[in-house]
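Spelled out from the first residue to the last, the chains are:
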Amino acid sequence: MKPAPFAYERPRDLTAALSLLGETAASAKVIAGGQSLGPMLNLRLAAPELIVDISALAELKQAEHHGDELVLGACVTHADIEDGRVSDLTRGAMQGIAANIAYRAVRNRGTIGGSLSHADPAADWVSGLAAMGARLTLRSRGGTRIVNVEDFIVGALESVLRLGEIVETIHIPARSPSAHWGYVKSCRRTGEFAHAIGAVLIDPNAGKARVVIGAIEAAPIVLKDPLELFGGHIASDYKDRFDARVADAILVKAGVSNAAQRHIHVSVLRRAIREAAA
Amino acid sequence: MSMVALTVNERAVEALAEPRTSLADFVRDKLDLTGTHLGCEHGICGACTVLVDGVPARSCITYAVACEGAEVTTIEGLDEDEITAELRAAFTREHALQCGYCTPGMLVSARDLVLRLPQADEKQIRIGLSGNLCRCTGYVGIVRAVGSVIEQRRGRGISPERDGGRNVLGPVGSGHGSQAGTEPAAQLQPPIAQVAHEAADSVTSIPAFTPANVFEQHFEVAHPPGRVFAMLDDIAVVAACLPGVSLLGSPRPDRVEGEIRVRIGPIAAVFRGAARIEREAAEMSGRIVGIGTDQRSRSSTQGEIRYRLERLDGGGTRVSLSIGYTLKGMLAQVGRTGLVRDLAGRLIAEFAGNLDRHLSGEALPVTHATTADLNGLSLFFGLLRTRMGRWLARASRHDRGAAG
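## Description of the nonpolar core
(1) Moving on: In terms of nonpolar packing, the biggest core is built from 195 residues, with A:Val52, A:Ile54, A:Val200, A:Ala272, B:Val52, B:Val72 and B:Val146 touching the most fellow members.
(2) Moving on: A:Ile54 has contacts with A:Ala17, A:Val30, A:Ala32, A:Leu60, A:Cys75 and A:Ile166, leaving out every residue within four places of it along the chain.

In structure tokens, the structure reads:
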């Protein structure tokens, strides 16, 4: 239960960190709060030669408004969001997710960028931010690129991050005044990774929605305009129009072959929709 | 080793530590502050919870070197703390400890709840303490004790502090130290080849077994079943089509030895072992059953792949697979079957593509980055591989919520 030996670097600034990662990428792992990587190191499931600690980089611990979106640095913690130390343009949606991640002692060190980079399909931000339509800036010493959260994760623990590249910032769009939000997860034990996640952003005035069925052990299902879930159109009665059979068919198509698991996912999604409508 | 300087219980301390030394081991082994307990050592049980920069953190998955310049408070540093004193009295009154092992971490988490919770709501207290496990299961007394202290303090007009006193962004403990670096760690894990040989030697027989997990997959190739079936009999070809797989020694019809390198996220494993192959030519079906171990994670797996070929309209072949496996050891502790399935799906897609290319007479890609890098599953596909192979494996993960 002790990690294999590794070398440790705490670079002075982001440029130095990216340059170091660019040179040693293959054998290096980036650590921020270490709440996902730490357990793997201790269990020796991961044994990198070098750990590059980015948790001290001031550039990654900022939060600011850019027009209609909030831009969070990758090293902002779940507790920072839970406590309102960063401002919120989602009318509580971000706080609601953050406050129910793992345990307080974990939230005090675990970071939003680290959780995304770890790419666990059952983690909260993966599904929650996809439903919000958030984007990520990825940065390497070669430059930056922007990806949508739903395009970031490609499978269990696999993201589009390239060697030497890190998540730099998370861009969260403001929630429009007419948009409803619902987020529900199913855990058998408080604080554990979810077995099912339903995340919905529904704007009945605009007739639009984003629906995410997450924690399916693969990249989440992100439905960007799921009219079929609501009998063909989205209006103020969307809660009553939710069609569980359509949701079940979507899960079948995504390869969730176990009927009991599909039932849990559909039930959790229904609850999220009810929460949004409440 | 590097010199780590931080403040522990209001005292400036400096000690040499390896980068891999956790904050818990640092305070226990370097400073003799053994009140901090270690239970699971991977962030689940909460026994090691201490205050870092004034708020709770897991000292088992926080490395001391990352806390350069931070302020750490262990249970020993809370002797004079007002809230902790009240909690101790309440724990005594409510019989809130039995063996006492979880108590230091429990008190640190309880203190944080007393600070932050607006009122003594039992559900909120239980949720707040869910990250601290008590094996004596004395939760009723603990929850009562914490609730009584919250109630008394609110009754005395002491307001909650929602943020527990934290007012800067980022992981607690970070940001106090300047740039730092250590010498490259000298010897890391032993070379994989060496490890693998020991493992293979120990595989003498492949016992019958009932898999703990079974799932189905299928793929299609544009070649007739007869050719595909013949190819699946050529172990070397099958191995070449499976990412991460290599054969050892000379395969015999009934036994193949080899290894599969699996990577999923930060996890890398090399399962080495043997497989037995059975074929039913009349039914165009077969079974590969194998056993293997990964020395580094001290994990073992047994698995089987059953395959059946069917002719498709148009002359192609549908290959149906039933994959069953049992995983034991460290990997099993952190793994979930669904992650294996996802990896298996990606691996099978790659295998199917390679098989198709081979049947069409095209060269196989020499190294495919994805493959080499991907597959936890490879293991499993490993199975496939040896005749397709050998067996499978799995993958990953660990703890709770979203972590990061």
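## Here's the deal with the sheet that holds strand S5 (residues 71–73) of chain B
All names here are of chain B.
(1) Moving on: The strand order across the open sheet built from 5 strands is S2-S1-S5-S3-S4, with neighbouring strands paired in mixed fashion. Strands at the two margins of the open sheet, each flanked by one partner only, are strand S2 (11–17) and strand S4 (55–58). Averaged over all pairs of adjacent strands, the angle between strand axes in this sheet comes to 45°, irrespective of strand direction.
(2) Moving on: In terms of strand pairing, strand S1 (residues 2–8) meets S5 through 2 bridges, oriented parallel. Considered in S5, the bridge of Val-8 is made with Val-72.
(3) Moving on: Along the sheet, helix H1 (residues 23–30) makes contact with S1, S2 and S5, crossing S2 at roughly 100°.

## A word on helix H2 (residues 82–93) of chain B
All names here are of chain B.
(1) Moving on: Given a rise of 1.5 Å per residue, 12 residues ought to cover 16 Å, and the 17 Å separating the end C-alpha atoms of H2 matches this to within 8%.
(2) Moving on: Among the residues of H2, those classed as buried are Thr-84, Leu-87, Ala-90 and Phe-91. Down the axis of H2, the sector holding all buried residues measures 120°, keeping them to one side. H2 presents Glu-82, Thr-92 and Arg-93 as exposed residues on the side facing more than 90 degrees away from its buried surface.
(3) Moving on: As for H2, its buried residues are in contact with helix H3 (103–116) and helix H5 (139–155).
(4) Moving on: Positioned one or two residues after H2, His-95 has a phi angle of 55°, which is positive.

## With respect to the interface of chain A and chain B
(1) Moving on: Facing 73 residues of chain A, the contacting portion of chain B comprises 70 residues.
(2) Moving on: Of all the elements in the fold, those that place two or more residues in the side of chain A that touches chain B are strand S1 (7–10), helix H2 (37–42), strand S3 (50–53), helix H3 (78–82), helix H5 (104–107), helix H6 (112–118) and helix H7 (124–132) of chain A.
(3) Moving on: Residue contributions to the side of chain A that touches chain B peak at 5 residues, all from H2(A).
(4) Moving on: Of the residues in the side of chain A that touches chain B, the class split is 35 nonpolar, 19 polar and 19 charged.
(5) Moving on: The pairing of S1(A) with strand S6 (residues 180–181) of chain B spans 2 bridges and is classified as antiparallel. Of the residues in S6(B), the one forming a bridge with A:Glu9 is B:Gly181.

## Brief notes about the domain arrangement of chain B
Residue and element names in this part refer to chain B.
(1) Moving on: Domain parsing of chain B yields domain 1 (2–77 + 163–188), domain 2 (81–158) and domain 3 (193–373).
(2) Moving on: Listed by partner, the interface residues are 14 residues for domain 1 and 13 residues for domain 2.
(3) Moving on: Those elements that provide at least two residues to the side of domain 1 that touches domain 2 are strand S3 (49–52) and S4.
(4) Moving on: Here the side of domain 1 that touches domain 2 takes 3 residues from S3, the largest share from any one element.

## Observations concerning helix H10 (residues 244–253) of chain A
Residues and elements named next belong to chain A.
(1) Moving on: Listed in full, the buried residues belonging to H10 are Ala-247, Ile-250 and Leu-251. Seen end-on, H10 carries its buried residues on one side only, within an arc spanning 100°. Exposed positions of H10 whose direction lies more than 90 degrees from the buried face are Arg-245, Val-252 and Lys-253.
(2) Moving on: Of the residues flanking the end of H10, it is Gly-255, one or two places downstream, whose phi is positive at about 95°.

## Digging into the environment of B:Thr36
All names here are of chain B.
(1) Moving on: Looking at where Thr-36 falls in the secondary structure, it is placed in the loop between H1 and S3.
(2) Moving on: Looking at Thr-36, the number of C-beta atoms within 10 Å reads 25, which means it is buried.
(3) Moving on: If we skip the residues at most four places from it in the chain, Thr-36 touches Ala-24, Val-27, Arg-28, Cys-48, Val-50, Ser-59, Thr-74, Ile-75 and Pro-104.

## Things to note about the sheet that holds strand S7 (residues 213–221) of chain B
Through backbone hydrogen bonds, the strands of a sheet pair up, either in parallel or in antiparallel fashion.
Residues and elements named next belong to chain B.
(1) Moving on: What the 7 strands build is an open sheet, ordered S7-S13-S12-S11-S10-S9-S8; its pairing is antiparallel. Each edge of the open sheet carries a strand with a single partner, namely S7 and strand S8 (245–252). Adjacent strand axes in the sheet meet at a mean angle of 20°, parallel and antiparallel pairs treated alike.
(2) Moving on: Running at roughly 155° to strand S12 (residues 299–311), helix H7 (residues 225–232) makes contact with S7, strand S11 (285–294), S12 and strand S13 (317–329) of the sheet.

Calculation rules
- Residues numbered from 1 in each chain as written.
- Chains lettered and ligands numbered in written order.
- Predicted model: local features only at pLDDT ≥ 70, side-chain atom pairs only at ≥ 80, totals over all residues.
- Core = buried A, V, L, I, M, F, W, Y, C linked by C-beta atoms within 7 Å.
- Buried ≥ 20, exposed ≤ 12 C-beta atoms within 10 Å, placed from the backbone.
- Contact = placed C-beta atoms within 7 Å.
- Pairing = 2+ DSSP bridges.
- Helix = DSSP H or I, 4+ residues; strand = E, 2+ residues; numbered from the N terminus.
- Axes fitted to C-alpha atoms, helices over the stretch in contact; angles between N-to-C directions.
- Expected span 1.5 Å × (residues − 1).
- Arc of directions from axis to C-beta.
- Nonpolar A, V, L, I, M, F, W, Y, C, P; charged D, E, K, R; others polar.
- Domains from an automatic or database assignment.

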